[in-house]
Amino acid sequence: MPLPANGTPWPPKELAPITIKLAEWAAWWTGDPEGLERTYSPGGYVRPAQYAGGVVGAVARFWWGRPRTDNQSPRKLHIPIAADLCQASADLLYGEAPAFVVDDEAAQERLDELVDDGMLQALMEGAEEGAALGGHFLRVTWDQQVSPDRPFVTAVSVDAALPEFRWGRLLAVTFWHVVDADGQLVTRHLERHELDASGNGVIVHGLYRGSAADLGVRVPLTEHSTTEGLAQWLTANGDTISTGTPGLACVHVPNQRPQRRWRSHPIGQHYGRSDLDQLEGAMDALDEAYSSWMRDIRLGKARLLVPASSLDDLGAGKGAAFDTDREVFSTLNVAPTSLASGGGSLAQAEQFAIRHEEHRATCRELLERIIATAGYSANTFGLDDQGGATTATEIRSRQQRSYATRDRKLRLLRPALATLVEKLLAVDAALFGSGITPSRPHVEFPDGVQEGLLALAQTAQALRAAEAASTETLVRMLHPEWDDGQVAAEVEEIMGEKEAANPPLPDPTDPTLVNGANPVDNATANPVDNATDVPPGA
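Residues numbered from 1 in each chain as written. Predicted model: local features only at pLDDT ≥ 70, side-chain atom pairs only at ≥ 80, totals over all residues. Heavy atoms only, no water.

Where burial is concerned, most of strand E6 (residues 185–195) is hidden: nine out of the eleven residues are buried. Where strand E5 (residues 169–182) and E6 come together, nine bridges link them in antiparallel fashion. Counterpart to Val173 in the pairing with E6 is His193. Between the antiparallel neighbours E5 and E6 lie two residues, among them Gly183 with a positive phi of about 65°. Sheet analysis places E6 next to strand E7 (residues 200–210), joined by ten bridges and oriented antiparallel. Each bridged residue has a counterpart across the sheet, and for Arg188 the counterpart in E7 is Tyr208. (Buried < 20%, exposed > 50% of the residue type's maximum accessible area, 1.4 Å probe, protein only. Helix = DSSP H or I, 4+ residues; strand = E, 2+ residues; numbered from the N terminus. Pairing = 2+ DSSP bridges.)

Mapped onto the secondary structure, Ser89 falls in helix H4 (residues 81–94). Accessibility expressed as a relative area gives 2% for Ser89, which makes it buried. Taking C-alpha positions, Ser89 is 9.9 Å from Gly375, a pair spaced 286 residues apart along the chain.

So, on to the packing of H4 against helix H10 (residues 400–432). At a minimum axis distance of 10 Å, the contact between H4 and H10 shows a crossing angle of 65°. Considered as vectors, H4 and H10 are oriented roughly perpendicular to each other. Two packed elements cross with a definite hand, and for H4 against H10 that hand is right-handed. Between H4 and H10, the residues in contact are Ser89, Leu92, Leu93 and Tyr94 and Ser402, Tyr403, Arg406, Lys409, Leu410, Leu413 and Leu417, respectively. (Axes fitted to C-alpha atoms, helices over the stretch in contact; angles between N-to-C directions. Parallel < 35°, antiparallel > 145°, perpendicular 65-115°, else oblique. Left-handed = near helix turned anticlockwise from the far one by under 90°. Contact = heavy atoms within 4.5 Å.)

Together, Arg260, Arg408, Arg411 and Arg414 make up a region of like positive charge exposed at the surface. If you trace the backbone, Arg260 turns up in the loop between strand E10 (250–254) and helix H7 (280–299). (Patch = residues over 30% accessible without salt bridge, like charges linked within 9 Å, V, L, I, M, F, W, Y side chains within 5 Å. Areas by Shrake-Rupley, 256 points an atom, 1.4 Å probe, with all protein chains shown as cover. Salt bridge = Lys/Arg side-chain N within 4 Å of Asp/Glu carboxyl O. Lys, Arg positive; Asp, Glu negative; His and termini not counted. Charge placed at Lys NZ, Arg CZ, Asp CG, Glu CD.)

To continue, consider the pairing of E7. Among the eleven residues of E7, ten are classified as buried, and the element is accordingly described as predominantly covered. Following E6, the chain reverses through four residues before pairing antiparallel with E7; Gly199 in that reversal takes a positive phi of roughly 85°. Relative to strand E9 (residues 240–246), E7 runs antiparallel, the two sharing four bridges. Residue pairing for E9: Ile203 is matched across the bridge by Ile241. As paired strands, E7 and strand E8 (residues 217–219) are joined by three bridges and run antiparallel to one another.

Following both chains from N to C, one finds helix H1 (residues 16–30) and H7 inclined at 35°, their axes separated by 12 Å at the closest point. The two elements H1 and H7 cross, and the hand of that crossing is left-handed. Contact with H1, carried on its side by Lys21, Glu24, Trp25 and Trp28, involves Glu280, Met283, Asp284 and Asp287 of H7 and no other residues of that element. Its residues placed into classes, the contact of H1 with H7 shows three nonpolar, no polar and five charged. (Nonpolar A, V, L, I, M, F, W, Y, C, P; charged D, E, K, R; others polar.)

This part is about the pattern of salt bridges. The final tally for this structure, using the stated rule, is 17 salt bridges. Notably, a salt bridge pairs Arg110 with Asp428, separated by 2.7 Å at the nearest N-O pair. One end of the pair, Arg110, is in helix H5 (residues 105–114); the other, Asp428, is in helix H10, with 318 residues separating them in the sequence. A relative accessible area of 15% means that Arg110 is categorised as buried. In this structure, Glu368 and Arg364 form a salt bridge, with 2.6 Å as the shortest nitrogen-oxygen distance. Note that Glu368 and Arg364 are positioned in helix H8 (residues 356–374) at a spacing of four residues, about one turn of the helix. Residue Arg364 is classed as partly exposed on the basis of its relative accessible area, which comes to 35%. A cluster of three or more residues bridged by salt bridges with shared partners is formed by Lys21, Glu24, Arg261, Asp277 and Glu280.

Attention now goes to the sheet that holds E10. Taken in spatial order, the three strands of this open sheet run E3-E2-E10, and their pairing is antiparallel. The open sheet has two free edges, formed respectively by strand E3 (152–157) and E10, since each of these has just one partner strand. Within this sheet the neighbouring strands show an average axis-to-axis angle of 25°, counted without direction. Alignment of strand E2 (residues 135–141) against E10, held across five bridges, turns out to be antiparallel. Opposite His136, over in E10, you have Val253 as the bridge partner.

Written out as structure tokens, the structure reads:
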């Protein structure tokens, strides 16, 4: 399929219901109060019922979308729980770097060079954004001006992609991003990933100048600085780059499945599920509860109510003021009864109660409900921290819900990363001449929680005493990050130290030994004359 025709509505109309919801989740994730107001207020992205009056309109409008009834500046407080959830998801997945293992030693060395901190950072960024939007794309990228000796991995947002699926597998995808916006004129770069007739991945590029609502007219890539560098890679048809290797140069990584919201949508059913799905109302209520708490604090400030006659006139047109630091008052123009006994006081203090316990309980309940619905444990966010020293088993038990969600995500993440890394090695060999035969790696993720050295040593000691584990098994348990060579060297060192400290006992049947001790000369040691020596008592 070629790139879209001139004048095509954009974002694509077939993604309209998905685009609306992704924009809503993005507003919660970014945490911009003005963005939340635009999202939920009449004329925003969602809920046409907001235009209605009565009960329908009241239900449809979130707290963030309530119309302003006065000229005061809004005092709405946003609690970034959505950002906390998405960051926690990425930390659970990539808090410790995964290992990519291939059988060929030379390929493993090259792969270790390719999987650097830049790639791990791209994976982390994609995972956080994917938790918010329900998934993300990872793409093999190469630019000899940026990275002259190797390809690298970049992440692409799911709200900047038009994917095509077959049997739930990614068949093709068109990425886009705005490279320039000058008033009503918007310039977009479209990048389509597809397969050619031979099954090799190709990338088709296009530059369009239009408006916020449509692509406009396609123009040469050389007309913008961000795309003019692609010319050196273009083939004879002027817009296509071939990877020269089988398969797409990108993968789709869904966050969780199944996708409940769009299960009947032809495209949306293959998207992943956001961690924020069905949490919008609870997050809105949490912001309202915290804002109400802050309102109580503002209203609870002590105030003095004083008669107008006690104010100092500041002059014509300047009003009047009351000096709270004045110690002596004179010439007060007030009624005598106001100063008489029981007739009132010069100033009256007012201070409203701050309902902090009620607000705290409400916010705590909303927070716990949000975290549980998202699939995490309260302990992951420090809400149920019992303190004191804990073992890895206890930590994992307290965070069981979080690690169950992590395992669900890993089952979707592992095959996608294996495909991506295999393609990375293939592009490295085809375009950068690495000479490596690409192969599909085995992706290994750390357990996430590791025992302390003392606990591991005690466990190893118990296993050794029970003769339930070999030396190699114990070394691997104590050092899970070591490779086979390091483990073998450590086992050899341990066995050598054991032999040096405990030399083998001499053989008591050896004729060269006396009393099981040092070798002696049998001809001279303790000679016995059978003719004269008689045993005692004979």
